[in-house]
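Chains, contacts and geometry: an overview
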Amino acid sequence: MANKRQDKIRNFCIIAHIDHGKSTLADRLLEKTGALTEREMDEQVLDNMDIEKERGITIKARAVRMIHKGQDGEEYILNLIDTPGHVDFNYEVSRSIAACEGAVLVVDASQGIEAQTLANVYLALDHDLELLPVINKVDLPSARPDEIAKEIEDVIGIEADSAPRISAKNGLNIEDVLEKIIEVIPPPNGDEKAPLRALIFDSYYDTYKGVVAYVRLMEGSVKIGDSLKMMHTGKEFTVTELGYLTPGGQIQSDKLLAGEVGFICGGIKNVRDCRVGDTITHADNPAAEPLPGYKKAVPMVFCGIYPADGSKYGDLRDALEKLQLNDASLLFEPETSNALGFGFRCGFLGLLHMEIIQERLEREYNLDIVTTAPSVIYKIAKTNGEVIELDNPTNMPEPGEIEHMEEPIVKATIMTPTEFVGNIMELCQERRGIYLGMEYIEAERVILTYEIPLNEIIYDFFDALKSRTRGYASLDYEIIGYREAKLVKLDIRLNNEVVDALSFIVHADKAYARGRKMAEKLKETIPRQMFEIPIQACIGSKVIARETVKAYRKDVLAKCYGGDISRKKKLLEKQKEGKKRMRQVGSVEIPQEAFMSVLKLDT
Amino acid sequence: MLPPVYIERIFNTIHRFYNIEANCEASIETNPGTLSAPKLKLYRNVGINRLSIGLQACQDSLLEKLGRIHTFNDFLNALNLARRFGFDNINADIIFGIPGQSVKDWKETVRIVAEAGLTHISCYSLMIEEGTVFGDLKEKGLIQEMDDELDREMYHYAINYFANTGYEQYEISNFAKPHYQCIHNMNYWERGEYIGAGAGAHSLIKSRRYANVSDILKYIDGIQAKKPVLEEDTLLSLEEAIAERMILGLRLSKGVDLKKVSDEFGVDVGMKYKKSLDTLLKKGLIKFDGKVVKLSEKGVDLANSVFVEFI
């Protein structure tokens, strides 16, 4: 049972689909509780990375403490724990959820429940969270709150008749939400005299403090000077600083007690020692068991990242190291490609994670990078009985050495208006999907479930889904295991030499079509050179598609007299600059774009 | 066009301040549509001894496409008139690669100019540049550049035809009867110094390249204030000067004498460009006998790929 102190605490998160108003609602709650004045408020304070703001998604979870004076006259501490809103960060979401007793479920009054929302709702229900449904954007002309309330009841099975109907944007009925949080969401409990068990739900690296761990104390207490231990990684440290976060900044405190949410610093140098999901306990009086649910984040998608300018290799390594300080799930190790020179093989949680890292390298570190086609991890059983995991097509064994191969399979949940069902089924079929079922949420909307190989999703499935459903369908997926498949390595030969950075693994039945498309695309991107360049797509020594880039015959400025020497020189300099941006592979010069353009063959 | 009276004043001024060699080449660019007896007479009188006529093509339909005001007949008349006034050193400019130009048109043009008894022929591949009539049409997708194969077929046809009719190709786009190479242009390609006078004119003096402002009113203001207004003024490094020397010199059929260039700049150019020369030789783009570097036949077609190696 919660004690008197804990009675006045509510720990909750907000679950919502992208664009359904999670951040806006968070802002209104902070504003209403006086944590933030309008003037101080930068729009959407919880999302504090640029990329997050631009994409309207939250990548890293944070927690904010608010004080709300309830209608009963009592002051309550409301801890809002933010959750990442994307499938790649599912595990992080689950840890944030595990730190709460309840969740505010925000549903758009026009659009209804979406796939990601539902996935997170299930996560919340798995963790026995109390759900508080809130219907947002009721001010829009297309709003149909009553139908949506019914949908919530039908699909999720919770009472939604009394759900606050709000407009986060206009600040309508926000007070209602606060009252409901106190009413519906239970206070935390947990014995503050018991051995310490604090769940890490987020961490980041600070240049001055070292790693800052965001924790929810399940049991026990912690104060400055305590010797602590990570129960999974075994790392020990002494608390130098603790407190909690308010929108105005961090507030120092001398202790944290069971039921509370806050941060702990102890001069930890590496986020790898402070993993999300780990349990912190006292070094000299440890808890018997860590909290359940810890998983080491496993990268699922891999690709090569190379500096466009070979001399920037060191800069790229430094940038990756810095990013890794804050991102324990980012993996990288040096690799060499005959086409791209020195670079790194990088592992990501998923496609979005990969895109975010690529964008941050370019934007925050000002690097020009070339990336190779993404790959998943394949399991290969070799004829000699050995089983290997493969994340780089270049390292694929000879066909004769392979007994069989397995690929990761996901269960994909797609929510869509019924009019697009045909298009989606076609898409999933093209991507080797196995139909599992279709369920009506309401008359005009369904949930489709498919089993699809992950390597069919990592190319451009999102883009294809969006374009074939005019952006109306939403997708969620989870890995369900490995399955045997007839896979082959497709190589591209330019002027009879294999370009390793263009190799990829594909299902045998799709190799022909894919090889043809790649050859065609490369023909468009590779400029004419002094000799004819055959482009061949091959499986082993078998050529399955062929194109030719004709030789150029003319590259000469007809006129050059006294008046235009400077201008002609500039033209030549430009030509030279263009040449520098090309990658020399054997005798062929390949523009950087060629490596990227073949990633998106469907668009 | 500058009225003839100004030409007279310019030449008088030059003669007043400089000693001019007796048989110094003095060239003027002319338009076949506007050349007249009085002009020719005046040119002759001030000492002009070489005419360059912008013929471009012998087909009126192509001339119209190029936006020229003259016809092929105007050219024939201008040529006769020039000869009557004693001009025997005459150049004609012709262009291939004009959208709509057939190989037959081109062969006809080549044959006509070769038979016209000219001393010099400039033969250019049309470059479609932004901001020109063709540039606009290209942007709208209404025309496209002639494809490489056809362009080269025309070029090589001209080279052969002129060689067989007594013209020597001495630069990528220039052909001359023996002893009639254009001295003025040779100076550019051998990277000699020159002074350009007038609005927009370019000069090279020692390692300084500069250009007068193109706007004629600004130019006049500058001259009157004794503070010439320049729109370009660059002091070239030794590195840049050598690169220019190579790039310009390689346009010439006789090539570049590395020993001569090394002496000129006090740098062993053969060593400096050893790697580039090896690569180019291997690609078959140059001929090199250890002393003189020349573009190969293929190198002439792909001259830019050679030039960039020196930049």
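Residues numbered from 1 in each chain as written. Chains lettered and ligands numbered in written order. Predicted model: local features only at pLDDT ≥ 70, side-chain atom pairs only at ≥ 80, totals over all residues. Heavy atoms only, no water.

This brings us to the sheet that holds strand β10 (residues 256-257) of chain B. Residue and element names in this part refer to chain B. Pairing within the open sheet is antiparallel, and its three strands lie in the order β10-β12-β11. Edge positions in the open sheet fall to β10 and β11 (286-288), since each of these has one partner strand only. Strand contacts of helix α13 (residues 274-282): β11 and β12 (292-295), with the helix running at about 115° to β11, the strand carrying the most contacts. (Pairing = 2+ DSSP bridges. Helix = DSSP H or I, 4+ residues; strand = E, 2+ residues; numbered from the N terminus. Contact = heavy atoms within 4.5 Å. Axes fitted to C-alpha atoms, helices over the stretch in contact; angles between N-to-C directions.)

Moving on, we come to the pairing of strand β11 (residues 241-246) of chain A. Residue and element names in this part refer to chain A. With six of six residues buried, β11 is to be regarded as a mostly interior element. Relative to strand β14 (residues 261-265), β11 is paired through three bridges, and the arrangement is antiparallel. Along β14, the bridge assignment pairs Gly 243 with Phe 263. Note: β11 against strand β12 (residues 249-253), five bridges, orientation antiparallel. (Buried < 20%, exposed > 50% of the residue type's maximum accessible area, 1.4 Å probe, protein only.)

Here the focus is the packing of helix α3 (residues 90-98) of chain A against helix α4 (residues 115-126) of chain A. All names here are of chain A. At a closest axis distance of 9 Å, the pairing of α3 and α4 adopts a crossing angle of 40°. The angle between α3 and α4 places the two elements in the oblique class. The chirality of how α3 crosses α4 is right-handed. Of the residues in α4, those touching α3 at Asn 90, Val 93, Ser 94 and Ile 97 are Asn 120, Leu 123 and Ala 124. Looking at side-chain class alone, the contact of α3 with α4 contains four nonpolar, three polar and no charged residues. (Parallel < 35°, antiparallel > 145°, perpendicular 65-115°, else oblique. Left-handed = near helix turned anticlockwise from the far one by under 90°. Nonpolar A, V, L, I, M, F, W, Y, C, P; charged D, E, K, R; others polar.)

Residue and element names in this part refer to chain A. Tracing the backbone through its elements, the reader meets Arg 197 in strand β6 (residues 197-206). What makes Arg 197 buried here is its relative accessible area of 17%. Sequence-wise, Arg 197 and Arg 216 are 19 residues apart; in three dimensions their C-alpha atoms are separated by 8.6 Å. Beyond its immediate stretch of four places on either side in the chain, Arg 197 contacts Arg 216, Leu 217, Met 218, Glu 219, Thr 279, Ile 280, Ala 287, Glu 289, Pro 290 and Leu 291. In terms of polar contacts, Arg 197 uses its side chain to reach the backbone carbonyl oxygen of Glu 289, at 3.0 Å. (Polar contact = N/O pair within 3.5 Å; in protein donor to acceptor, adjacent residues only side chain to side chain.)

Let's shift gears to the interface of chain A and chain B. At the junction of the two partners, chain A supplies 25 residues and chain B supplies 37 residues. Overall, the association of chain A and chain B removes approximately 3000 Å² of surface from exposure, summing both partners, and the carbon and sulfur fraction of that is 56%. Where chain A packs against chain B, one counts four salt bridges. Residue Lys 569 of chain A is joined to Glu 244 of chain B by a salt bridge in which the shortest nitrogen-to-oxygen separation is 2.6 Å. If you look at where chain A meets chain B, you find 23 residue pairs in polar contact (both at pLDDT 80 or more). (Buried area = accessible area lost by both parts, 1.4 Å probe. Salt bridge = Lys/Arg side-chain N within 4 Å of Asp/Glu carboxyl O.)

It is worth stressing that arrangement in space is one thing and function is another; only the former is reported here.
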